[in-house]
Amino acid sequence: MEDIVCTTSEELVYAVQNFPGRSIELSPLVTHIELFDLIKKEVRPEVMKTLARLVRTNTVLYSIDLSANDLTAEEIEPLVGALKENKTINNLSLYGNNLGDKGVVGLASALTMNTTLQDLNLGKNNIGDVGAEAVAQLLKSPCNRLTSLDLRTNLIKDVGAIQIAEALKINSTLSKLDLGVNLVTDESAIKFAEALQENRTLSNFFLYSNKIANEGIDALHKVLRVNKRLLQLNLSGNKGTIKQIQDIQNSLEDNQGSFLEAQNEPEDDSIVMTKEQYRQWELQMKAYGEQVEREKQQLREETAYWEHKCGEVTQAQNVSENTERQLREEIASWEHKYLEATKALQATNTKVAILEARLEERSRTGSQLDLVTLVLAAAGGIALYYWFKKDSQ
């Protein structure tokens, strides 16, 4: 049974869904697949095993979306095992499944040593405090490179949320955290405010539709005066007053204005980075450079691929034109032969008509001669009779 070779993300999705038992490979021309889209595809266990093999062996998959497939902790085990070995995937979405605490604990453990994953979406997965604590441990890992973490629409209470807040005190990569639609109260909000006094990387923080009241909202508002890196803080749908929300919005606008001013300021050689900031900057620059090189290589290979395809199309077009010309010549030759045959048939029909006329004329003339002969014979007989009768007298 031959391997199935795919050249696009769409072909790969189709092959994984419909031929889970077959060996599926990516074409050597493929150097980068950003979105491996299996959203709402009713992914079966056999499909997960096939996907795990691809994740383990391929180095061109950069993004996988398995949202809304109702996957359980047991069903994602093959993928979790593969992620321990993968060094290329930087975007993984498992939104809208049914992983629960068990599935998230296993996934977080597998990602502890991962240095490439940057965007992780675990929203709407029935995650409770145990799963939240596992995620907090992941955020504390020195190998962790997550910049975006989505935990919205889960069952996380203060116990798990406080562990995540503690992780933010030492985490230096996360810039976006979504904890909307959970069960977070003032207790957790105050801990997050304390963590944000130390954290300098988180810029987008979402706590909408929780159970935070005045005390928690005030604590988060105060930290905005200290932490100018926080540009977005969504607390809508909580128990705060309209004035509190408006005050927070005004502080955020001040932060955003300060951020834009800092972006437009000329470089100052007197600015000194800490060792940790320099290390993070160096890693970011290295990752950016690698990404640029990958994209350049992809463009070069795609250009070569399409040039080759254009050459094949041109060649096929030339062959098609030659074949068409030959067919036209053959058709013209047969039309000429048909015309000649038609003329010959007409001449033959004319000759046949002439012969038929002559035969008919001869047939008619022959009948007349036979009648004359008969009359003459009868007359001769009568004359002979009278001659004999006269002679006998």
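This text follows the structure it describes.
Conventions used here
- Residues numbered from 1 in each chain as written.
- Predicted model: local features only at pLDDT ≥ 70, side-chain atom pairs only at ≥ 80, totals over all residues.
- Heavy atoms only, no water.
- Helix = DSSP H or I, 4+ residues; strand = E, 2+ residues; numbered from the N terminus.
- Expected span 1.5 Å × (residues − 1).
- Buried < 20%, exposed > 50% of the residue type's maximum accessible area, 1.4 Å probe, protein only.
- 1 Å grid on protein atoms, 1.4 Å probe; cavity = no way out; pocket = protein on both sides within 12 Å on 5 of 7 lines; lining within 4 Å.
- Points joined across faces, edges and corners; volume = space filled by probe spheres on them.
- Nonpolar A, V, L, I, M, F, W, Y, C, P; charged D, E, K, R; others polar.
- Contact = heavy atoms within 4.5 Å.
- Axes fitted to C-alpha atoms, helices over the stretch in contact; angles between N-to-C directions.
- Parallel < 35°, antiparallel > 145°, perpendicular 65-115°, else oblique.
- Polar contact = N/O pair within 3.5 Å; in protein donor to acceptor, adjacent residues only side chain to side chain.

J.: What is the right way to look at helix α2 (residues 45–57) in this model?
T.: An α-helical segment advances 3.6 residues per turn. Residues three or four places apart therefore align on the same side. If you check α2, its first and last C-alpha atoms are 19 Å apart, about what 13 residues at 1.5 Å a residue would give, namely 18 Å. For α2, the full list of buried residues reads V47, M48, T50, L51, A52, L54 and V55.

J.: Honestly, empty space enclosed by the protein in this entry has me stumped. Any pointers?
T.: Any empty space left between the atoms is revealed when a probe the size of a water molecule rolls over them. This structure, assessed with the given rule, holds 1 cavity of 30 Å³ or more. For the largest cavity, the calculated volume is near 50 Å³. Lining of the largest cavity is provided by L111, N114, L117, L138, N144, R145 and L146. Across the lining of the largest cavity, the residue classes break down as 4 nonpolar, 2 polar and 1 charged.

J.: Any chance you could explain helix α7 (residues 186–196) here in plain terms?
T.: Considered for burial, the residues of α7 that qualify are D186, S188, A189, F192, A193, A195 and L196. Close packing links the buried residues of α7 with α6 (158–168), β8 (176–178), β9 (204–206) and α8 (214–223).

J.: Is there a simple way to think about the packing of helix α5 (residues 129–140) against α6 in this case?
T.: Each pair of packed helices can be described by the angle between their axes along with the distance between the axes. Between α5 and α6, the least distance of the axes is 8 Å, while the angle of their chain directions is 5 degrees. Taken together, the axes of α5 and α6 lie roughly parallel to each other. Judged by residue contacts, D129, A132, E133, A136, L139 and K140 of α5 engage D158, V159, G160, Q163, I164, E166 and A167 from α6.

J.: It is not clear to me how the environment of N238 should be interpreted in this structure. Could you clarify?
T.: By the secondary structure assignment, N238 is in the loop between β10 (232–234) and α9 (242–264). Once you skip the residues sitting within four places of it in the chain, N238 turns out to touch L207, Y208, S209, N210, K211, I212 and I217. From its side chain, N238 meets the backbone nitrogen of I212 in a polar contact 3.0 Å long.

J.: Help me understand the packing of α7 against α8, please; the structure alone is not making it clear to me.
T.: At their nearest, the axes of α7 and α8 sit 8 Å apart, and the two run at 10 degrees to each other. In terms of orientation, α7 and α8 fall into the roughly parallel class. Contacts between α7 and α8 involve D186, A189, I190, F192, A193 and L196 from the former and N214, E215, G216, A219, L220 and V223 from the latter. For the contact of α7 with α8, the per-class residue count stands at 8 nonpolar, 2 polar and 2 charged.

J.: Is there a simple way to think about unusual backbone geometry in this case?
T.: Of all residues except glycine, most have a negative phi; of all peptide bonds, most are trans. The backbone of A68 sits at a positive phi, close to 60 degrees, despite the residue not being glycine. Relative to the helices and strands, A68 is located in the loop between β4 (63–65) and α3 (77–83). The phi torsion at S209 lies on the positive side, around 55 degrees, for a residue other than glycine. Residue position: S209 is located in the loop between β9 and α8.

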